Structure formats: C-alpha cells, structure tokens
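Observations on the model geometry
Letter by letter, the chains look like this.
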Amino acid sequence: MEQPDGGGTPLSTNTFSSMGTVVSLSFPAAVDPLLQDAALAAADEVFHALDERFSLYRPASELSRLNEGTLRLAEASPQLRAAYQQAADWRLRTDGAFTPDRPDGALDLSGIVKALAMQDAGNAVRSLGLADWCLNAGGDVLCAGRPAEGSDWTVGIVDPADRSALVTVAPLDPAAGRAAVATSGTAERGEHIWAAGAGAGARTFAQVSVVAADIVTADVLATAVIAGGQAMLDKAVGGWDVEIFAVDRSGQLLATPLFRAPAAG
Amino acid sequence: MTIASGKIAEVTPLQLTDADGRSQMISSQAAPMLRSEVLQAQSANVQSIGGATYTSEGYLTSLQSALDAASYKG
C-alpha cells in the first residue's frame, strides 16, 4: 500500500518507549499543544509505573520478587493483587486459554499489564479534559471521540504475511462500544502465549484482532483465541460483545460482520 | 424447510445451539471471507495501525512509525 498519511486528517502525534515497545499518542492537530504535552507525560508515567512493578526483566520489580519467593502474594501491593485477580478471572472465563501461569510455574502478568496501562493512561488523558485521542501501544489501540468532525478513528490491521501491507481496517466508534482493537499473533515478537486447552484439530490462527468496548477485554480475548483456536473464537464471539478478524495459518480469513465490505454497486 | 406441491411452503430459520443450550444468532458468527470481501483502507485513510506487538526495534520499520512521522509534533 501507499505510505499511510492519516488520509488528510490533521493529527499531532508524539511517542515514548515503555514495556519493550513504543507508545504513540495522537490528537486532532488543533488540540492545545500544552495539553498534549501534559497528556503524554501522564501516559508515560502510568506506563513506567506499571512496568516497574510488573516487569520480569527487572529483578527488583515486585512481580520478580514474588516469583523468586522473597515476597508473598498476601504481602503484595493492592495493585499487584488486583492485576493477579483480574488475570485469574480471565483464566476462568476463557477456560484457561488465557492464563497468567507460565509452563515453568512463574506468574507472568505481561498478558494483561500493557492493556491495564493503556486503560489507566486513557483515563489519565481523559481526566485532563481531552475527549478526542488515539493511544497505540505496540499495535494495540484505544481511542476516544473522533479524529475530526464527521469521521471515526480507523485502524489499519497489518497483514501477518507482509508487515508493510494492511489486510483490513477496523472502524472504531467509541460511542457505539467499539473503542479498542487488540491484535495477537506470532508475526512480530514471541508473544506471551502458550497453548492451553486447544483441542486436537483446533484451527490455529497466525493473527487475531478483537474489537471491544475496552482494551483489556480486546487484548485478553485476542491472546485467548491465538492460544485456544477455533473453539475459543466461537466462545468469544458468542459470549462477549466483540468483533473478531482472524487470519489462519494458511492465510484464510475468518471474520464477524463489522469487517465485511459493503457489497459493490 | 417444507416443500408442498413442488414449491417452498415454509422456511424455518436455522438455529444454532451452543454447548449450554443457548441459541445463537448465526449472523453474529465469524464467517470465512475472501480478501476481496473485507473492509479495505480507502486511499490510506487510517489514523493508527494495529498488529502483533512490535519491539522498540520493530517499531522503527513499522507502518505505525511511518504514520507517526507524518504527524510528528516534535
């Protein structure tokens, strides 16, 4: 495709690095630059605070200390216990397809922490009175309002077979319960996904995108469908108010109606 | 579907039932689609790029990075 240029919608974007990836925060270009700076700083702070607490790459993080046994769950911070509780709830709701337990026994909350950071960062931006913004953390997207009067945030979805091309687009509409889209797959870095309960013969997906009202639901379900295959995809579509776009290992597409182009003519 | 006198007389809508016995609307299910049948970006009209999580290094060559550069505030 051509280089994306926002389609002529004048946006203003700044980025920061956290959690091993890059976070981009965009606003309509007309938004007060001082407010944009304040929003970026607030989002950056949220991400770095969560990374410090939950990173397994930092030996001194609270989660690392929990895993090495120098800290017990009962003594952990309310933030850590809340994140663990959420992850455990999702493990139950996805029949184990999403799980914070690594095969080696370690507790790994990275499957939910980035989404929690996006949710908290979004709330921080909103609390500055900013109604129109788009937050992209390493390819997962949460947005609010609209990029311009009369248009909606539209998120291109990368083709897992060619990262310079888009396979489709996800039309987001926060007012209609579609504020977030998360994508899981194996195309970029090794995701923290380990198959659990994927039945024999389950269709395996190379990439799964989930559109939902909130980024945590979108992210957890995208991870769960990669791990749990067709059975988990059916469960997600039947049990949550989500739209899903999946590319299987042979390149075939499976998608819910949001992603169907209007018939020509 | 009931056929009477060589004509379709009655069509009963297909109902799917999941493991819990709840009926599901078939229209909400994920269906196979051809690439030509799915939504496509209209003249690069996208404001953000979704995909499997990239590393900080992967970001540099990503479509999101190109998009960010086009609207970089500095």
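Conventions we followed
Residues numbered from 1 in each chain as written. Chains lettered and ligands numbered in written order. Predicted model: local features only at pLDDT ≥ 70, side-chain atom pairs only at ≥ 80, totals over all residues. Heavy atoms only, no water. Helix = DSSP H or I, 4+ residues; strand = E, 2+ residues; numbered from the N terminus. Buried < 20%, exposed > 50% of the residue type's maximum accessible area, 1.4 Å probe, protein only. Areas by Shrake-Rupley, 256 points an atom, 1.4 Å probe, with all protein chains shown as cover. pLDDT = per-residue confidence, 0-100. Contact = heavy atoms within 4.5 Å. Phe/Tyr/Trp six-rings, centres within 6.5 Å; stacked < 30°, edge-to-face > 60°. Lys NZ or Arg CZ within 6 Å of the ring centre and 35° of its normal. Core = buried A, V, L, I, M, F, W, Y, C linked by side-chain atoms within 4.5 Å. Polar contact = N/O pair within 3.5 Å; in protein donor to acceptor, adjacent residues only side chain to side chain. Salt bridge = Lys/Arg side-chain N within 4 Å of Asp/Glu carboxyl O. Nonpolar A, V, L, I, M, F, W, Y, C, P; charged D, E, K, R; others polar. Pairing = 2+ DSSP bridges. Axes fitted to C-alpha atoms, helices over the stretch in contact; angles between N-to-C directions. Parallel < 35°, antiparallel > 145°, perpendicular 65-115°, else oblique. Left-handed = near helix turned anticlockwise from the far one by under 90°.

Here's the deal with the overall build of chain A
Across its full length, chain A carries 5 helices and 10 strands. By residue count, 53% of the 265 residues in chain A fall in the buried class. As displayed, chain A offers around 10,800 Å² of accessible surface, 52% of which is attributable to carbon and sulfur atoms.

Description of the confidence of the model for chain B
Residues and elements named next belong to chain B. When pLDDT is averaged along chain B, the result is 73, and 57% of the positions lie at 70 or above. Every residue in residues 6-27 is under pLDDT 50, and counting partners more than four places away or in other chains gives 23 contacts. Our summary of model confidence lists the complex with pTM equal to 0.87 and ipTM equal to 0.89.

Quick word on the packing of aromatic side chains
Residue and element names in this part refer to chain A. With the rule as written, the count across this model stands at 4 aromatic pairs over all chains. Between F245 and F259, the aromatic rings sit 5.2 Å apart at their centres with planes inclined by 55°, giving tilted as the arrangement. Pair noted here: F245 is in strand β9 (residues 243-248) and F259 is in the segment after β10 (253-255), with a separation of 14 residues, a long-range link. Both residues of the pair, F245 and F259, belong to the buried class. A cation sits over an aromatic face here: R93 above W90, 4.2 Å from the ring centre.

Considering the confidence of the model for chain A
Overall, the predicted model of chain A reaches an average pLDDT of 91, with 90% of residues at or above 70. Contacts of residues 195-201 of chain A to residues separated by more than four positions or lying in other chains number 6 contacts, the stretch itself having pLDDT below 50.

Here's the deal with the nonpolar core
Residues and elements named next belong to chain A. Counting residues in each nonpolar core, the largest one holds 65 residues, and the members touching the most others are F47, L109, I112, W133 and L233. Other than its neighbours up to four places away in sequence, L109 contacts F54, L63, L80, A83, Y84, A87 and P100. Residues C134, V141, V155 and V181 belong to the second largest nonpolar core, which totals 20 residues.

Digging into the environment of D162 of chain A
Residues and elements named next belong to chain A. By the secondary structure assignment, D162 is in strand β6 (residues 162-171). For D162, a relative accessible area of 34% gives the class partly exposed. Remark: the alpha-carbon pair of D162 and S18, spanning 144 residues in sequence, is separated by 25 Å. Of the polar contacts made by the side chain of D162, one reaches the side chain of S164; its length is 2.7 Å.

Let's talk about the interface of chain A and chain B
Counting residues at the interface gives 68 residues for chain A and 41 residues for chain B. Scanning the region where chain A abuts chain B turns up 2 salt bridges. The shortest N-O distance in the salt bridge between R35 of chain B and D159 of chain A comes to 3.1 Å. Broken down by element, the side of chain A that touches chain B gets its largest block of residues, 8 residues, from β6 of chain A. Across the side of chain A that touches chain B, the residue classes tally to 30 nonpolar, 26 polar and 12 charged. In the sheet, strand β5 (residues 154-159) of chain A pairs with strand β6 (residues 48-50) of chain B via 3 bridges, with the strands oriented parallel. Looking at β6 of chain B, one finds that G156 of chain A is bridged to I49 of chain B.

Concerning the pairing of strand β2 (residues 21-28) of chain A
Residues and elements named next belong to chain A. Summarising burial for β2: 8 of the 8 residues are buried, a large majority. Relative to β2, strand β1 (residues 11-18) is paired through 8 bridges, and the arrangement is antiparallel. Its bridge partner being in β2, T15 is matched across the sheet by S24. From the end of β1 to the start of β2, which pair antiparallel, there are 2 residues, and M19 there has a positive phi angle of about 55°. Pairing analysis gives 4 bridges linking β2 to strand β3 (residues 133-137), with the strands arranged antiparallel. Residue pairing in the sheet places S26 in a bridge with C134 of β3.

What about the packing of helix α3 (residues 78-93) of chain A against helix α5 (residues 215-239) of chain A?
Residues and elements named next belong to chain A. Packing of α3 against α5 leaves a shortest axis separation of 11 Å and a crossing angle of 25°. The orientation of α3 relative to α5 falls into the category roughly parallel. As for the relative orientation of α3 and α5, their crossing is right-handed in sense. Mapping the contact onto sequence places Q86, W90 and R93 in α3 and V216, T217, V220, L221 and K235 in α5. Each residue belonging to the contact of α3 with α5 can be placed in one class, and the counts come to 4 nonpolar, 2 polar and 2 charged.

What to know about the sheet that holds β6 of chain A
The sheet built from 3 strands is open, its strands ordered β6(A)-β5(A)-β6(B) with mixed pairing. What marks the edges here is a single partner per strand, and that holds for β6 of chain A together with β6 of chain B. With direction set aside, neighbouring strand axes in the sheet form an average angle of 40°. Bridge count for β5 of chain A against β6 of chain A is 6 bridges, and the pairing is antiparallel. The partner of G156 of chain A across the bridge, within β6 of chain A, is V169 of chain A. Of the strands in this sheet, β5 and β6 of chain A together with β6 of chain B are in contact with helix α2 (residues 63-70) of chain B, which crosses β6 of chain B at around 170°.

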